[in-house]
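Summary of the model geometry
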Amino acid sequence: MIIRVGGLADVPAVLAMFDGAVAWLTERGRTGQWGSEPFSTNPVRVEKATAWAASGGMRIAEIDGRPAGCLVVGSAMEYVSPAAEPELYVQVLINDRRFHGRGVGAALLERAMTEAAELGVSLVRVDCYAGDDGRLVRYYESQGFTRAETFTVGEWPGQILERRLPVATG
């Protein structure tokens, strides 16, 4: 697996990852997170993916030369409470369902931790859907994140999680 900087040419692959995730969730009756319509058919979501690609914070994991996952890092989302200290915020983490179980998400999260360290930032936060059975929250906990606070956007339940880098001692 390699992780590289993403760009505008990656937007179709990222939208396909979201489309695959939406289809998978919908097949299981789990439409609370992202609904049941493909991202690629929603102009607002296409515009958002394009903005992520243009932000400089998009990272693409590739396996055998094929996009397997996407991470976008940057500032905190507008719907969450600001951190009391500098942070790196995971705005997006998605993987292609074809690569499930290959450690793509974990590798991308470790990339975020590395980038935070390079920036001299000790706090990495992420938010996720906290509805249904809480499976997504537990995934982030399995990656070393701890629950920080809950929030809602309309009726959508969310959870902010955080992970701290070890404090450097001199």
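Just so it is clear, the structure is predicted and the values come from calculations on it, not from any experiment.

**With respect to the overall build of the protein chain**
When helices and strands are tallied, the protein chain shows four helices and seven strands. Listing each helix as α and each strand as β along the protein chain from the N terminus yields β-α-α-β-β-β-α-β-α-β-β. Taken over the C-alpha trace, the protein chain has a radius of gyration of 16 Å; the compact-globule value for 170 residues is 15 Å, and the two agree within 12%. Along the longest, intermediate and shortest principal axes, the C-alpha atoms of the protein chain span 50 × 35 × 30 Å. Split into buried and exposed, the 170 residues of the protein chain put 42% on the buried side. Taking as baseline every contact in the protein chain between residues at least 6 positions apart, the subset at least 24 positions apart corresponds to 62%. Of the roughly 8,700 Å² of accessible surface on the protein chain, 53% is carried by carbon and sulfur atoms.

**Some remarks on the sheet that holds strand β3 (residues 66-74)**
Across the sheet, seven strands lie side by side as β1-β2-β3-β4-β5-β7-β6; this open sheet has mixed pairing. Of all strands in the sheet, those with a lone pairing partner are β1 (2-5) and β6 (146-153), marking the two edges. Going across the sheet, the axis of each strand differs from the next one's by a mean of 30°, ignoring polarity. Pairing between β6 and strand β7 (residues 156-164): seven bridges, direction antiparallel. Looking across to β7, one finds that Glu-149 is bridged to Ile-160. Across the sheet, helix α1 (residues 11-27) lies against β2 (58-63), β3 and β4 (88-95), angled at about 100° from β3, the strand it touches most.

Parameters and conventions
Residues numbered from 1 in each chain as written. Predicted model: local features only at pLDDT ≥ 70, side-chain atom pairs only at ≥ 80, totals over all residues. Heavy atoms only, no water. Helix = DSSP H or I, 4+ residues; strand = E, 2+ residues; numbered from the N terminus. Rg over C-alpha atoms; globule rule 2.2 N^0.38 Å. Buried < 20%, exposed > 50% of the residue type's maximum accessible area, 1.4 Å probe, protein only. Contact = heavy atoms within 4.5 Å. Areas by Shrake-Rupley, 256 points an atom, 1.4 Å probe, with all protein chains shown as cover. Pairing = 2+ DSSP bridges. Axes fitted to C-alpha atoms, helices over the stretch in contact; angles between N-to-C directions.

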